[in-house]
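Chain residues, written in single-letter form:
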Amino acid sequence: MLDNGEPRNKVTRETHGFLTRDGVSPAEFRRLAHEQMNAYPSVQLHTDTAERITGSDGQFHIQTARGGSFRAKKLLFAAGKKDVLPNIRGLKDVYGKSAFICPYCDGWELRDQPIAIIANGSSAFHSARTLSGWSKQIAVCTNGPSGLAPMQQHELLAHRIPVYDTAIRQIESSGGIVQRIWFDNGASIRCRGIFFAPRLVPGSPMPEALGCRLTPEGTLIVDDNGQTSVPGIFSAGDQAAETYMAVFAAAMGSLAAVSINRELLAEAWAQHSD
Ligand SMILES: Cc1cc2nc3c(=O)[nH]c(=O)nc-3n(C[C@H](O)[C@H](O)[C@H](O)COP(=O)(O)OP(=O)(O)OC[C@H]3O[C@@H](n4cnc5c(N)ncnc54)[C@H](O)[C@@H]3O)c2cc1C
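Visitor: I keep staring at the side chain of Asp-106 and nothing clicks. Help me out?
Guide: Within the secondary structure, Asp-106 sits in helix α3 (residues 103-106). At 10 Å, Arg-8 is the nearest oppositely charged side chain to Asp-106, a buried residue that forms no salt bridge. Side-chain polar atoms of Asp-106 contact the side chain of His-16, separated by 3.4 Å. Non-local contacts of Asp-106, meaning those with residues more than four positions away in its chain, are made with His-16, Phe-100 and Phe-195.

Written as structure tokens, this is what we have:
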């Protein structure tokens, strides 16, 4: 396993929604995973970056940033996705501490608190509806034209969810906890949590370079077993999904591992039959 140790949730203090690991830090989660993998002598863990991959099903060749060279019969890409934050002053200070991307991961911890949603259009509307299950103090900040359909605007108003479409000047925070959002017109709103929609980019460009098909959003297309459009190449986790939770990523990894193992065993079986 090649992993350069930059998981998407590195910025957060706690992982939620993964039973038996609720509240564990991402670093501790990985430490436990590595400890358990190390118990298996057939698993080698390398802290390194896969930089170049050539070959095809049955004989891939991987070169790494540290000069490593590996051969593999199959490849499993679980390189995740990267979040590109909107350019808002102060957002980096609160990201992962009181500003999050997934209501189902961090909504409960912000229950009954004043929450700002920084998004526009349908994304803002759906986030507001989802978060209404945790807090009745929600504001939508579209940081420019709202992009909301008239019906969406009407529904937000009916649920007493204000929409601020003035550009955001700055997020004021203390120790990573958001205090206020300031707008260009000098107005501000108080809040204790933010949910926003980052732009997502693939964690690794290599699958595409190897010919794997992607959706227009940059998600690797896989079947139910994690098989991409290229024989011998599999993918799991955020890189091949559009719902982002650690437990989903783990489940996809498990399915792909079973498929890879089955393929390898079937190939070995066929080779050794007389
Ligand atoms: C702020 C935030 C909070 C979150 N909170 C939660 C939560 O509470 N609960 C929850 O379930 N989910 C949460 N998530 C979502 C969760 O982080 C992801 O769903 C999960 O990390 C996906 O796992 P993954 O293995 O697919 O990708 P990642 O965890 O991103 O891991 C990908 C790994 O691949 C490595 N990599 C990439 N390219 C290469 C390369 N070329 N060579 C070697 N290694 C490489 C990276 O360094 C990284 O270690 C959160 C996400 C964010 C951004």
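That covers the picture; the talk isn't over yet.
Visitor: Honestly, the site of the ligand in this entry has me stumped. Any pointers?
Guide: Surrounding the ligand, one finds 33 residues, the nearest of these being Asp-3, Asn-4, Glu-6, His-16 and Ala-246. Taking Gly-5, its main chain carries an N or O atom lying 3.5 Å from an oxygen atom of the ligand. Protein burial of the ligand: of its 1000 Å² of free accessible surface, 92% is covered by the chains. Listing elements by their share of the shell around the ligand, those giving two or more residues are α3 and α7 (246-271). Grouping the amino acids of the shell around the ligand by side-chain chemistry returns 14 nonpolar, ten polar and nine charged. Formed jointly, the shell around the ligand draws a minimum of three residues from each of two domains, domain 1 (8-83 + 200-260) and domain 2 (86-196).

Visitor: I would appreciate a short explanation of α7 in the present structure.
Guide: Quick reminder: α-helices carry 3.6 residues per turn. Residues three or four places apart thus point the same way. If you check α7, its first and last C-alpha atoms are 37 Å apart, about what 26 residues at 1.5 Å a residue would give, namely 38 Å. Regarding α7, the residues found buried are Ala-256, Ser-259 and Ile-260. For α7, the elements touching its buried residues are β4 (75-77) and β15 (233-235).

Visitor: Any chance you could explain the sheet that holds strand β11 (residues 177-183) here in plain terms?
Guide: Strands in a sheet are paired, the pairing made by backbone hydrogen bonds, and the direction either parallel or antiparallel. Strand order across the open sheet formed by three strands is β10-β11-β12, with antiparallel pairing between neighbours. Among the strands making up the open sheet, the edge pair consists of β10 (168-174) and β12 (188-190). Mean inter-strand twist for the sheet, computed between neighbouring axes without regard to direction, equals 20 degrees. Here three bridges tie β11 to β12, and the two strands are oriented antiparallel to one another. Note that in β12 the partner of Arg-180 across the bridge is Arg-190.

Visitor: Would you mind going over the side chain of Arg-8 with me for this structure?
Guide: With respect to the helices and strands, Arg-8 occurs in the segment before α1 (26-38). Of note is the side chain of Arg-8, whose polar atom sits 2.8 Å from the side chain of Asp-83. Sequence-distant contacts of Arg-8, defined by excluding residues within four places in its chain, comprise Lys-81, Asp-83, Ile-101, Leu-200, Asp-238 and Tyr-244.

Visitor: Would you take a moment to explain the pairing of strand β13 (residues 193-196) for this structure?
Guide: Along any regular strand the residues' side chains alternate between the sheet's two faces. Neither face of β13 is exposed, since Gly-193 and Phe-195 on one face and Ile-194 and Phe-196 on the opposite face are all buried. Across two bridges, the pairing between strand β6 (residues 99-100) and β13 is parallel. Residue pairing for β13: Ala-99 is matched across the bridge by Ile-194. Of the pairings in the sheet, the one linking strand β7 (residues 115-118) to β13 comprises four bridges and is parallel in character. Within β13, the residue paired with Ala-116 across the bridge is Ile-194.

Visitor: Just to check I follow, could you spell out the domain arrangement of the protein chain for this structure?
Guide: Many descriptions give the size of an interface as the accessible area lost when the pieces come together. Split into domains, the protein chain comes out as domain 1 (8-83 + 200-260) and domain 2 (86-196). On the domain 2 side, the residues contacting the eight residues of domain 1 number eleven residues. Overall, the association of domain 1 and domain 2 removes approximately 810 Å² of surface from exposure, summing both partners, and the carbon and sulfur fraction of that is 56%. Among the residues of domain 1 in contact with domain 2, Val-11, Arg-13 and His-16 are the three that bury the most area, contributing 57% of the side total. The tally of links from domain 1 across to domain 2 stands at zero salt bridges. Where domain 1 packs against domain 2, one counts four residue pairs in polar contact (both at pLDDT 80 or more). Per-class residue counts for the side of domain 1 that touches domain 2 are three nonpolar, two polar and three charged.

Visitor: Would you mind going over the packing of aromatic side chains with me for this structure?
Guide: Each pair of aromatic rings is reported with the distance of its centres and the angle of its planes. By the definition in use, this model includes five aromatic pairs. Both rings, one in Tyr-95 and one in Phe-196, keep their centres 5.7 Å apart while their planes meet at 70 degrees; by these two values the pair is edge-to-face. On the criterion of sequence distance, the pair formed by Tyr-95 in the loop between α2 (91-94) and β6 and Phe-196 in strand β13 is long-range, its members being 101 residues apart. In this structure Tyr-95 comes out as buried when scored by relative accessible area, which is 13%. Classification of Phe-196 by relative accessible area gives buried; the value is 4%. An angle of 45 degrees between the planes, with centres 6.2 Å apart, marks the rings of Phe-100 and Phe-195 as tilted. Of this pair, Phe-100 sits in strand β6 while Phe-195 sits in strand β13; the two residues are 95 residues apart in sequence, bridging distant segments of the chain. The buried category is assigned to Phe-100, whose relative accessible area is 9%. Assessed through its relative accessible area of 3%, Phe-195 is described here as buried. Above the ring of Tyr-244, the side-chain terminus of Arg-8 is found at 4.5 Å from the ring centroid. Over the ring of Trp-108 we find Arg-111, and its NZ or CZ is 3.6 Å from the ring centre.

Reading guide: rules and limits
Residues numbered from 1 in each chain as written. Predicted model: local features only at pLDDT ≥ 70, side-chain atom pairs only at ≥ 80, totals over all residues. Heavy atoms only, no water. Helix = DSSP H or I, 4+ residues; strand = E, 2+ residues; numbered from the N terminus. Buried < 20%, exposed > 50% of the residue type's maximum accessible area, 1.4 Å probe, protein only. Lys, Arg positive; Asp, Glu negative; His and termini not counted. Salt bridge = Lys/Arg side-chain N within 4 Å of Asp/Glu carboxyl O. Polar contact = N/O pair within 3.5 Å; in protein donor to acceptor, adjacent residues only side chain to side chain. Contact = heavy atoms within 4.5 Å. Near = heavy atom within 4 Å. Areas by Shrake-Rupley, 256 points an atom, 1.4 Å probe, with all protein chains shown as cover. Nonpolar A, V, L, I, M, F, W, Y, C, P; charged D, E, K, R; others polar. Domains from an automatic or database assignment. Expected span 1.5 Å × (residues − 1). Pairing = 2+ DSSP bridges. Axes fitted to C-alpha atoms, helices over the stretch in contact; angles between N-to-C directions. Buried area = accessible area lost by both parts, 1.4 Å probe. Phe/Tyr/Trp six-rings, centres within 6.5 Å; stacked < 30°, edge-to-face > 60°. Lys NZ or Arg CZ within 6 Å of the ring centre and 35° of its normal.

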